[in-house]
Structure formats: structure tokens, C-alpha cells
Amino acid sequence: MSFMKNKKREILLTIAYIIITIPMIFSMYNSVPASDDFAFGSRTISDNIFLDAIGYSAWNWLYHSGRWLTFFFQKLINPLNTYTHLGRVYGIWMICVFLIVMALLMYSLTIIYAKIMSNSRIKTSILVFFTIAILFTTYYYVEAYNWYIGATAYAIPFGLLMLTLAFSIRYEETSEKKYYVGLILSGLIPATNEFLDVPIGLLYLYIVFYVYRKNIKDKKVIVNRIIPLIVYVLCGISAVFAPGNFVRQDGYDVHPSATLAIKQIIIDIIVRIKDILLHHPLALVILMIFFVLGIKSELTNKWYEAIITIILTVATIFGTIFPYVYGRAMTTTYLDVRMQYLVDYVLLIGMCIFCLRLGMNANGCGINKVSKIIKIAVGSFACFVILVVAIHGDAYKKIVPIDIVRNRALIRESYYFWDDVIREIENSKEDEVVIVRKQEPEWTPYFLYMGIVEEDVYDESFDTVYSSRVILPNVYYKKNDLRIEYIN
């Protein structure tokens, strides 16, 4: 009977996953190479792909960015390395990357929730589903889902960060060496990305020296736990203090201020939380579900655990975007979509865990079963009311899968337009290519455009490794001059 109940639950969850992901996969399927893809796909250092990856990583470390390990793998496995018309293959490639990140998140969240909810009758699979649901239905991140460079520079490292945390928990639980090796290896790429090297150190310290503080029994154990941290710190230093970061910052021609950066980050967090709570009712419903599940778990935790969750979430966000906000002297709440992806994922996961712990805190206040039933009933009714209001006020149209379905014709039109532009460039026998079109399709947040704009002429020399002025499609396609014109 229990087996059938579990089987039924898993089938229902599988169907629910399909419902929320199929529209996103449709959007990714309609992807085209864009922006930095062409720089990473060009062989400007060596015709040998492995040597070219090494040289590209070294050049960027010196002149553009410190993400040397990420750049190496991005160059090595770039789908544009084939030098053929990718067409739908590019979209399939993006779907594969998305599914890999999704698998990393699901596995990691399963381990994390299993630790939080030990001995609970609430299944971790339910908690994982609702976390994935809030991540996939609240906002869409085209630069992390539809773009090879964005996905491999932001989504994959974040997935590996979560995997590092999961391996850290598994090692503390089992003492198996494979998890120890795993947490070091999986942490290399996050630690060599300037936006994740602080979070990985902070969260690793929290798990090892706070959550599992009872495991620290002698100096040998302490040294054993510090070794991965030293590796992360060294990797972080190699990324943060790379000469290329300073060269890149000089190009922005700004005067950074740590005080203003901290103030701006606080504003960013507040504005985003406000937007989630006021304009995304489904997200609010899911957060209430976490609170109710916390009560239903019949578990308790220390009152300060929820506070620690808030502190960790905020500190992780600060560590993630401080280099970005400080380096560019940001004074508005605008963040590049790929950076907003990181902020929102950390924020939403933190909010889910906070609401879960809040529900568990209610159990620790001496609430009897009748009171619990009342609280669950009130919470369920509140969720129902929020959904009714959302449907009545058309707020449901902001739910990502629904909005993608509503915009499916425009997404498809955008793909065919830019795929045709790429095909014309590839087939042109001219050294100077002018693409002429009547007009560009309307903008949609579910499609990442190739990046060629009418205002620019793409004429970088063929030995250009990376340009901060324009993207490099002319270098990739070996065209002396490339531009697009729109005529009425």
C-alpha cells in the first residue's frame, strides 16, 4: 500500500515537472547563437581546439576576466566549434545544459532538505518540486537558459555550487572519501568565478563548522575540513586578482564606492522581495505551502535557525553581486539577466527554507494538534484566496510557462528570423556582408537575439581574441565587414 502511494506521488510529480518545464524547453529549443558565443567559437589563437582553449583562457585572465577555468571549458565544448550551421542543434544543446543544471539542483536540494527535515513524514521530493516550481515559474532568465555562454558561466557554476554543498553534507554524514573528493572538484569552477567564490566559502563554513560542529573532535578533523576551504580561497584569489579584471574595470570609466555598493545591494534585495510578494501570487502561494509543510512536519527547530537562514541568504547575495555592483559603480536596481538569475535563485531558495523553518518554529511554541489543523486550514484558505485574486486580476499571465505559451508565435518567429540571418551570413561569398531586412521581430523576454544591431559595423580583425566594443560574428564567419540594415 505504501509502495503504491509512493508510486502515485512520483507519477504526479513527474507530470507536474513536465507541465512547468515543457514551455521553457520550447523557448530553449528556439535559441540561436548570440553575443559572446562568436568570440568563444573563433579560433584566434590556435587551430588546435585544446591549445586554443588554453590560450583563450590565459588571454582573458590577462586582459578581460579571471574566470580561467570556466573559460577553458566554455571554449573547449562550445557548440560553435563545429563551424557548421547549427540550426536546431543549438537549441537542443541549450536544453541539455538546462536539464543538467536542473538535475544538479534536484539532487542537491534533496540532500539539503533531507538534512533539514530528518525524521519528518514530509517527503523531500515534495519540497524539491515546490522549490523548482518557484524557480521556474516566477521569472525567466533568457541569458541563463537560451545562451551557451550565459548558461555555462552562470547556471552551471551555480549548479556546481549547490552540488558542493550537497557533497559537504554527505561527507559529514558518511565520512566517505568519494564525497570529500567530490566537494573539492565540484567547487573548483564556482570558486574561480568572482560571483561565487565568497558564497562557496561562506556556505561551506556554515555546513562544516556550524551544522556539523559536533563532528569536529580534534585538530586532524579541523585540518581535514580546512583543506577544501584553502583550495576555494586559492581559486578565488586566482580569479579575483587576475589582471584582466582591472583592465576590464578601467574600460567602464567609473569610480567605485564600497559604501554605495552596499547601499545599492540592500535596495536591490528589498525591491526584488517586494516584486515577488506583490506581483507574483503563485510564488506567494508556494511560500505559504512551505510554511504549512513546516507545520505538518511535526518537527521543531531552534527559533534562531530561521534568522540564520535570513542572514545566510542576504550574505550570499552580497557575496554574489558585490563584485558586479562595486566594479561597475551601479546606482540603479538594473542587473544583467544572468546576474539576476543568481540573485533570484539564492533569494527564492532562501525564502523557501525560511518559510519551512518558520512553520517548524510554530511547532516549537507548544501548539497543540487542534491549533495545527486550524493553522493549516487558514494557510490553505489563504493560498486559495491568493490564487482566485491572481486569476481574476490576470496576474496568472505572469507565470512563466503560461506566458511562454501566450508568446509562442513570437518566439518561433524570432527564431526563424535570426536563423535565416545566420544562414545568409554563412552562405555569403562576399567579404563584406550587408544583411537587409524589413524589420526585426518584436522583443520578447523568452528569446535571446543574435546581438547584431543596425547601429554597429562588425569589422574586427581576424586575430581579435575578444572585443569590448562589439561582438565578433565577423571574426567567426571570416568576413571583413558585417552589418544589418532595416528598410521600411
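Higher on the page you've got the structure.
Just so it is clear, the structure is predicted and the values come from calculations on it, not from any experiment. (Residues numbered from 1 in each chain as written. Predicted model: local features only at pLDDT ≥ 70, side-chain atom pairs only at ≥ 80, totals over all residues. Heavy atoms only, no water.)

Peer 1: Would you mind going over the packing of helix H14 (residues 258–279) against helix H17 (residues 337–363) with me for this structure?
Peer 2: Axis angle and axis distance: for two packed helices, these are the angle between their axes and the distance between the axes, and together they describe the pair. Remark: H14 packs on H17, axes separated minimally by 11 Å, with the N-to-C direction vectors making an angle of 65 degrees. Two packed elements cross with a definite hand, and for H14 against H17 that hand is right-handed. Contact residues: Arg272, Ile273, Ile276 and Leu277 in H14; Gln340, Asp344, Leu347, Leu348 and Met351 in H17. Looking at the contact of H14 with H17 residue by residue, the class counts come to 6 nonpolar, 1 polar and 2 charged. (Axes fitted to C-alpha atoms, helices over the stretch in contact; angles between N-to-C directions. Helix = DSSP H or I, 4+ residues; strand = E, 2+ residues; numbered from the N terminus. Left-handed = near helix turned anticlockwise from the far one by under 90°. Contact = heavy atoms within 4.5 Å. Nonpolar A, V, L, I, M, F, W, Y, C, P; charged D, E, K, R; others polar.)

Peer 1: Explanation requested: the side chain of Thr309 in the structure shown.
Peer 2: Looking at where Thr309 falls in the secondary structure, it is placed in helix H16 (residues 304–327). In this structure Thr309 touches Gly350, Ile353, Phe354 and Arg357, once residues within four positions along its chain are discounted.

Peer 1: Would you take a moment to explain the pattern of salt bridges for this structure?
Peer 2: Close approach of charged atoms lets side chains of opposite charge pair. Summed over the entire model, instances satisfying the criterion amount to 17 salt bridges. Its salt-bridge partner being Lys75, residue Asp52 comes within 3.3 Å of it at the nearest N-O pair. Of the two residues, Asp52 is situated in helix H3 (residues 49–63) and Lys75 in helix H4 (residues 68–76); the sequence distance between them amounts to 23 residues. In this structure Lys75 comes out as buried when scored by relative accessible area, which is 1%. Glu485 is paired through a salt bridge with Arg483; the nearest N and O atoms lie 2.5 Å apart. (Salt bridge = Lys/Arg side-chain N within 4 Å of Asp/Glu carboxyl O. Buried < 20%, exposed > 50% of the residue type's maximum accessible area, 1.4 Å probe, protein only.)

Peer 1: Sorry, what's going on with the packing of aromatic side chains here?
Peer 2: Ring pairs (aromatic) are described by centroid distance and by the angle formed between their planes. One pass over the full model with this rule turns up 36 aromatic pairs. On the basis of an interplanar angle of 70 degrees and a centroid distance of 5.0 Å, the ring pair of Tyr140 and Tyr145 is categorised as edge-to-face. Three or more aromatic residues joined by ring pairs form one cluster here, namely Phe98, Phe136, Tyr139, Tyr140, Tyr141, Tyr145, Phe158, Tyr341, Tyr345 and Tyr446. Over the ring of Tyr210 we find Arg213, and its NZ or CZ is 4.5 Å from the ring centre. For the cation-ring pair, Arg272 lies above Tyr139, with the distance from its terminal atom to the ring centre recorded as 3.7 Å. (Phe/Tyr/Trp six-rings, centres within 6.5 Å; stacked < 30°, edge-to-face > 60°. Lys NZ or Arg CZ within 6 Å of the ring centre and 35° of its normal.)

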